[in-house]
Amino acid sequence: MIVSYMFIRTMATRSGTDVEKNLDPYYMAIALLAERRSKDPTRKVGACIVDEREGNNKKGEGGRVVGIGYNGMPLNCPDELMPWKKNPETEKKLKSFYVVHAEANAIVNMNPQSVADCAVYVTLHPCCECAKTLILSGVSKVVYLSFDTCYGNKEPFKESRTFLEKRKNENGKFEYRQFPSDELDKKLLEIQFGNPQEDGSHSIWWKNEEGDSVNEPPSKKSRPGSDGKKYKRGNKFITKEIELLQEEIDLLKKEIELFEGGRKPVYKNHRTLDECRRILQEMEKCMEECEETKKGIAEELKPISWEQYFMGMAIIAGDLTGSEAHEGACVVNEDSRIIGLGYCRIIDQIEVEKKGKKLEKKLDLHAPVVAMVNRNPVSLRDCTLYVTRFPCNECAKVIVQAGIKTVVYLDGQNAEEKNQGCAEQQVKVKGKNVSQDPTKKIFEIARVTCVSYKECYEPRRVILDFSKSDL
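Residues numbered from 1 in each chain as written. Predicted model: local features only at pLDDT ≥ 70, side-chain atom pairs only at ≥ 80, totals over all residues. Heavy atoms only, no water.

## Some words on the nonpolar core
- Tyr26, Met313, Leu464 and Phe466 are the most contacted members of the largest nonpolar core, which has 46 residues in total.
- With nine residues, helix 1 (residues 24-35) is the largest single contributor of residues to this core.
- Excluding residues that lie within four positions of it along the chain, Tyr26 makes contacts with Val65, Ile316, Ala317, Leu320, Thr321 and Leu341.
- The next biggest cluster of nonpolar side chains, apart from the first, holds 25 residues, and it includes Ala102, Val115, Cys118 and Ala131. (Core = buried A, V, L, I, M, F, W, Y, C linked by side-chain atoms within 4.5 Å. Buried < 20%, exposed > 50% of the residue type's maximum accessible area, 1.4 Å probe, protein only. Helix = DSSP H or I, 4+ residues; strand = E, 2+ residues; numbered from the N terminus. Contact = heavy atoms within 4.5 Å.)

Below you can see the structure in the form of structure tokens.
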């Protein structure tokens, strides 16, 4: 199933503008991708703030993403110098004294001056401190993906649930709920940074049910014994499994030593020496598979790069919003903060006459322009634009006028398809070879750097798990 048709209900009218969409998966996907930037080894959390106030939440277009964050160390505190693991002597988690939670980071990174009446999508239920911060900020909706049952009985999380439930009951306009992942037929979203699908999308939904070999993502098939439901804390599960296997292997080795020494083991004496050796070989083979699985999960959970993060946001914007063009864009400032997300939007649909025939023409805005329009009030000067398709001529003019200095594109389809006749021709401008392709020519003269993502960055797959897993 293609991403853009998932969770989207369309009621098209003659004008083509009356469209109702449920963009919950889009906003939660942004939070899930954000958590992949976290360097927390045990619990990665992401958050997305959406402005749903009147004027920003146009009919059929959803709200505007105004803040994104993930749990990490404070600004100017290098991750390699901060304590991420437990104190081996006291077994206390030292990181809790330093880590800034995803919700707080999203509020700090927000675009508008206020988050009043905004919605927050978070991958893990907020703790009590974050819940208080959200309520004090005036947030009107909290949607969480999973609840940590390991910590759910502790006071901060008990207080958090009670606090948010009370707020919901007292204020009829406040919405507090869990993300409806049960309504998703496929719960694993694989983001691909390579060639697009037939319809132009760069992502695929997969099932994570056991035995579903047809719908398992390639990256999952390569990991023996892995389970799609264990992506978030898979490392912990597999580590425990390896410990239990090691205990069994040690016992078998002692049993074999007793057999070889001419003594019959007191325990498990129903097994013969040959049976013990056979079981030991099987367990050692299973141990190798578990070790390989652990490495695969560790690689899967390794924090993604900035480039994967930004291009991933552009892919999500293009694929999970119902955009027929599957074109998304992400604007990033010099501090590596996302200041605008956009996707190709149909503004209206009109009737035109061409060669004596009446045709319906869609009036649309391309993703780069929408991303720049949706930005926060700061200037676009010296910003970087990540876009799933090479900008068209009209978008290029706006990009240059806005002062954007770098364009990172995933697919060069627009330039190749629309300007095939002059793509390879060049002319001399001030002693330099300049392309005759109008789009490339504008960029070259304006000194806008164009970078092909496929040629410069790692084409790693990224999998987002929408399972409603109470960890």
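Following the structure, the description resumes.
## What to know about the packing of aromatic side chains
- Per the counting criterion, the structure on display carries 15 aromatic pairs.
- With a centroid separation of 6.5 Å and 80 degrees between ring planes, the pair formed by Tyr26 and Tyr343 is classed as edge-to-face. Here Tyr26, found in helix 1, pairs with Tyr343, found in strand 9 (residues 338-343); they are 317 residues apart in sequence, far enough to count as distant.
- The exposure class assigned to Tyr26 is buried, which follows from its relative accessible area of 4%.
- Geometrically, the ring pair formed by Phe390 and Phe443 is edge-to-face, given 6.0 Å between the ring centres and 80 degrees between the ring planes. Residue Phe390 is found in the loop between strand 12 (384-389) and helix 11 (393-402), and its partner Phe443 is found in helix 13 (residues 438-445); the two are separated by 53 residues along the sequence.
- In this structure an aromatic cluster arises from ring pairing among Tyr70, Trp306, Tyr309, Phe310 and Tyr386.
- One residue, Arg37, lies across the ring of Trp306, its end atom 3.8 Å from the ring centre.
- Stacked on the ring of Phe147, the Lys or Arg Arg161 has its end atom at 3.9 Å from the ring centre. (Phe/Tyr/Trp six-rings, centres within 6.5 Å; stacked < 30°, edge-to-face > 60°. Lys NZ or Arg CZ within 6 Å of the ring centre and 35° of its normal.)

## Thoughts on the environment of Val143
- Within the fold, Val143 resides in strand 4 (residues 141-146).
- Of the residues examined, Val143 reaches a relative accessible area of 0% and is grouped as buried.
- In this structure the C-alpha to C-alpha distance between Val143 and Glu175, which are 32 residues apart in sequence, comes to 8.0 Å.

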